[in-house]
Amino acid sequence: MTGNLPFLAVGIIFFMGMYAILFERNLIKIAIGITLLEASANLFLIVLGYRTGGSIPVFTLAGEVRSMVLPTPQALTLTAIVIGLATSALLLSLIMLLYRHYGTLDVREIRRLRG
Amino acid sequence: MNWQIHLPALVLAVPLLGAFASPVAGLGGRATRNAWMIFISVLTTAVCIMLWQKVIAGGTAVYVMGAEAWNITLPSGLSWPVRIILEVDAFSAFMAVVGSIAALAGAFFSLRFMDRFTGLEKFSALYFLLVTGMLGMQLTGDLFNFFVFLEIASVASFGLIAFWRDRPEAVEASFKYMVISTISAMFILIAVGFFYGRYNAVNIAAVARMLQMGYAEKIALVFLVVSLAMKCGAVPMHMWTPDAYAEAPAGVTCLLVAVSQASLYGLFRVCFSLYGASLGSTVVPWTIIVMGVLSMFIGVTMAVIQKEIKRLMAYHSVSQIGYILMALGVGLLALRDPQAMADYGFTAMKGGIFHIINYTMYKGLLFLTAGAVFYSAGSRNLNELGGLARVMPQTTFMFVIAAAAIAGLPPFNGFVSKLLIYQSTFAVYPLLAVAALVTSVLTLASFVKVFQTAFLGPAKKTYENVTEVPASMLLGMSLLTIVIIALTLFPGWTLSHLVEPAAKALVDQAGYISAVMGGGL
């Protein structure tokens with residue numbers, strides 16, 4: 001049972017992120033929602049690769065151990081984190097530009113494009 | 001003479017080099033920068049066409065990145081692939097050729113169109129990054145790699161849509177697109193996680209060979225279908241399309257059209273090659289068909305009432321995506337039944353794939369003509385424009401060809417693919433064909449409106465001094481026009497040489513798997 005707790009955490013973080021994106025009205029909070037979504041995806045990958053009692057997946061450092069943690073999800077997560085960093089930086093800079101143009105962060109007022 | 005085996009990698013390396021060397025070329029001034037942009041675009045197109053020829057002649061091409069040898073997909077006798085593998089079958093190569101032609105036309109057009117603005121070396125860097133992302137999505141045989149290229153394409157397109165960052169609308173459109181595509185990218189990553197958790201593999205062929213429908217696979221399928229439909233702009237996730245297409249510079253919009261096709265490619269790669277016959281029920285095919293019908297109809301009805309020329313065309317993209325979704329959904333429906341496949345399924349697939357090339361060509365051309373009108377007349381509002389046929393005859397001519405093609409007037413290429421779609425969908429459910437026909441009529445109506453208000457009518461005082469656009473912009477437009485006319489004149493050749501191999505490759509799941517995993521399913 002406790003082995004599944006991380007997956008529960010993934011689910012909770014995922015839905016928190018989705019909630020923030022769908023229902024929050026402040027752009028910064030939407031950005032936080034997106035980073036939460038990224039965090040849940042990364043956590044999901046890491047948890048998938050975890051083996052109870054496993055050691056680090058580096059052959060020269062692991063020593064005499066039976067099981068190692070899976071290395072592939074860690075590589076995938078590193079890539080995803082780097083990509084997430086680029087997206088977050090761009091997201092925040094666009095929010096900055098939007099604030100400069102519209103003078104507000106409220107999504108209800110930033111809507112010149114419609115119809 | 002064996003450099004040709006490296007073609008799959010070259011297709012990605014050339015635009016990537018183009019992107020990162022663009023700032024360096026920008027140091028040499030305007031002429032160097034422009035020459036570099038054209039050189040890389042032409043080279044990319046040439047490499048894509050060579051790759052397509054190689055795939056047609058020699059079957060599915062596989063390329064292993066970072067290995068001692070390019071073709072050892074299963075090193076040291078392992079039974080699963082461990083490296084990133086590019087896998088190019090006829091469908092991927094077809095999509096790459098279509099995308100690179102659109103990118104070439106957009107590059108020619110952008111030379112003069114963007115000339116009034118600063119930061120152009122950054123523009124061309126982002127432009128080639130977007131090309132790399134698009135081609136990467138189409139060539140990769142690895143799910144996680146697909147996610148990476150999707151993110152490369154997304155990040156580059158955020159920058160390009162918001163290129164005119166002094167326009168609030170552009171930044172707003174870019175933000176909307178960004179939220180949508182980041183969510184869809186994360187959904188894809190979660191789906192990749194599900195596959196990895198179940199099968200310890202992220203290679204499409206490896207996963208496809210082991211795939212057995214269970215809860216995890218169903219959840220992953222939902223994530224993948226939703227996110228890729230979101231990225232290609234199908235109703236009900238279409239709200240970013242009109243904003244992003246209308247606010248991006250015209251040359252970029254031409255490329256964005258091709259990039260949305262890459263998401264569409266991903267959707268069908270997942271449905272046909274990854275899941276294939278193990279999809280089981282008819283829920284997913286019907287979801288795709290219903291999404292297609294809704295996109296066709298809602299897209300075109302929203303387009304009819306638009307007053308802004310690029311926004312109108314963007315809503316038409318939603319509706320044209322609907323045709324492709326519907327046709328390939330019908331193909332997916334017939335996948336498990338050889339009789340149905342022979343009766344109507346394969347015709348639908350051919351129609352859908354033919355529509356992909358037609359749509360990319362004429363939609364790209366329409367956006368370029370809209371850009372040309374904006375460049376010369378300085379307005380995109382149909383209430384202000386008028387009488388432009390007198391001052392911009394070449395642009396008008398190309399607009400008429402593209403509009404006739406999108407409306408499906410015989411004998412243009414749009415007619416051929418639409419006819420194939422009508423025929424095959426009628427066999428499944430007659431109402432589908434009716435919806436497609438009504439959409440086609442409404443498409444014609446709205447383009448007659450654009451033609452009549454913007455190009456015909458008395459000459460307006462405000463547009464007396466308007467002149468035809470510069471030669472390089474005309475060159476970009478005429479490239480697409482020539483492709484449209486060629487497709488119009490030789491539909492038989494196109495169907496048998498371009499479209500049929502692609503459709504066959506898409507249906508042939510066993511072939512896709514055995515190219516990586518070796519014989520024996």
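Note that this is a predicted model, so its numbers are computed, not measured. For every chain, the first residue of the written sequence is number 1, and numbering continues from 1 onward in sequence order. Chains and ligands are labelled by the order in which they are written, letters from A for the one and numbers from 1 for the other. Thresholds applied to this predicted model are a pLDDT of at least 70 for local features of residues and 80 or more for the giving and counting of side-chain atom pairs; totals over whole chains, interfaces and linings are not thresholded and use all residues. Hydrogens are left out, water is left out, and the side-chain values use all remaining heavy atoms of the structure.

### Section: the pattern of salt bridges
Short version of the rule: One speaks of a salt bridge when a side-chain nitrogen belonging to Lys or Arg is within 4 Å of a carboxyl oxygen belonging to Asp or Glu. The buried label applies to any residue whose accessible area, calculated with a 1.4 Å probe on protein chains only, is under 20% of its type's maximum; exposed applies above 50%, and partly exposed to all values in between.
Counted according to the given criterion, the structure contains 14 salt bridges over all chains. In this structure, the salt-bridge partner of R108(A) is D106(A), at a minimum N-O distance of 2.9 Å. Among the residues examined, D106(A) registers a relative accessible area of 16% and is labelled buried. A cluster of three or more residues bridged by salt bridges with shared partners is formed by R167(B), E169(B), E247(B), E308(B) and R380(B).

### A look at the interface of chain B and chain A
Cut-off, in case you're wondering: In what follows, residue pairs with any heavy atoms lying within 4.5 Å of each other are defined as contacts. What gets called buried area is simply the loss in accessible area from a 1.4 Å probe that two parts show on being joined, summed for both. Every helix listed is a DSSP run of H or I at least four residues long, and every strand listed is a run of E at least two residues long, numbered separately from the N terminus. Lys, Arg, Asp and Glu make up the charged group, whereas Ala, Val, Leu, Ile, Met, Phe, Trp, Tyr, Cys and Pro make up the nonpolar group; the residues left over, Gly among them, are polar.
The interface of chain B with chain A comprises 39 residues on the first partner and 35 residues on the second. Carbon and sulfur atoms supply 82% of the area buried between chain B and chain A, which totals about 3200 Å² over both sides. Area buried by chain B at its contact with chain A is led by E172(B), F175(B) and Y196(B), which between them contribute 21% of it. The interface formed by chain B and chain A contains zero salt bridges. If you list the elements that add at least two residues to the side of chain B that touches chain A, you get α5 (143-161), α6 (168-199), α9 (240-247) and α12 (309-333) of chain B. Tallied by class, residues from the side of chain B that touches chain A come to 23 nonpolar, six polar and 10 charged.

### Structural notes on the packing of aromatic side chains
Condition: In this scheme Phe, Tyr and Trp rings, the latter by its six-membered ring, pair at centre separations within 6.5 Å, and the angle between planes marks the pair as stacked below 30 degrees, edge-to-face above 60, and tilted otherwise. Over a ring means this: the NZ of a Lys or the CZ of an Arg is within 6 Å of the ring centre and within 35 degrees of the ring normal.
One pass over the full model with this rule turns up 29 aromatic pairs over all chains. Ring centres 5.1 Å apart and planes at 55° place the aromatic pair F44(A) and F194(B) in the tilted group. Taken together, the residues span two chains, with F44(A) in helix α2 (residues 27-49) and F194(B) in helix α6. You can call F44(A) buried: its relative accessible area is 7%. Note on W240(B) and Y245(B): the rings are 6.0 Å apart at their centroids and 85° apart in plane angle, and the pair reads as edge-to-face. Neither W240(B) nor Y245(B) differs from the other in exposure class; each is buried. Among the aromatic residues, those joined into a cluster by ring pairs are F109(B), F113(B), F117(B), W164(B), F374(B) and Y375(B). When the ring centre of Y375(B) is taken as origin, the NZ or CZ atom of R116(B), which lies over that ring, is 4.2 Å away.

### Things to note about the layout of surface pockets
Vacant regions in the atomic arrangement are exposed by a probe of water-molecule size rolled over the atoms. Worth spelling out the cut-off: Space inside and on the surface of the protein is sampled on a 1 Å grid over the protein atoms alone, with a cavity defined as a set of points where a 1.4 Å probe fits but cannot get out and a pocket as an open set with protein on both sides within 12 Å along at least 5 of 7 lines; lining residues have an atom within 4 Å of a point. Grid points are joined across faces, edges and corners, and a volume is the space filled by probe spheres set on the points.
Approximately 750 Å³ is the volume attributed to the largest pocket. Among the elements of the structure, α1 (5-23) and α2 of chain A together with α6, α9 and α12 of chain B are those that each provide at least two residues to the lining of the largest pocket. It is α6(B) that provides the largest number of residues to the lining of the largest pocket, a total of six residues.

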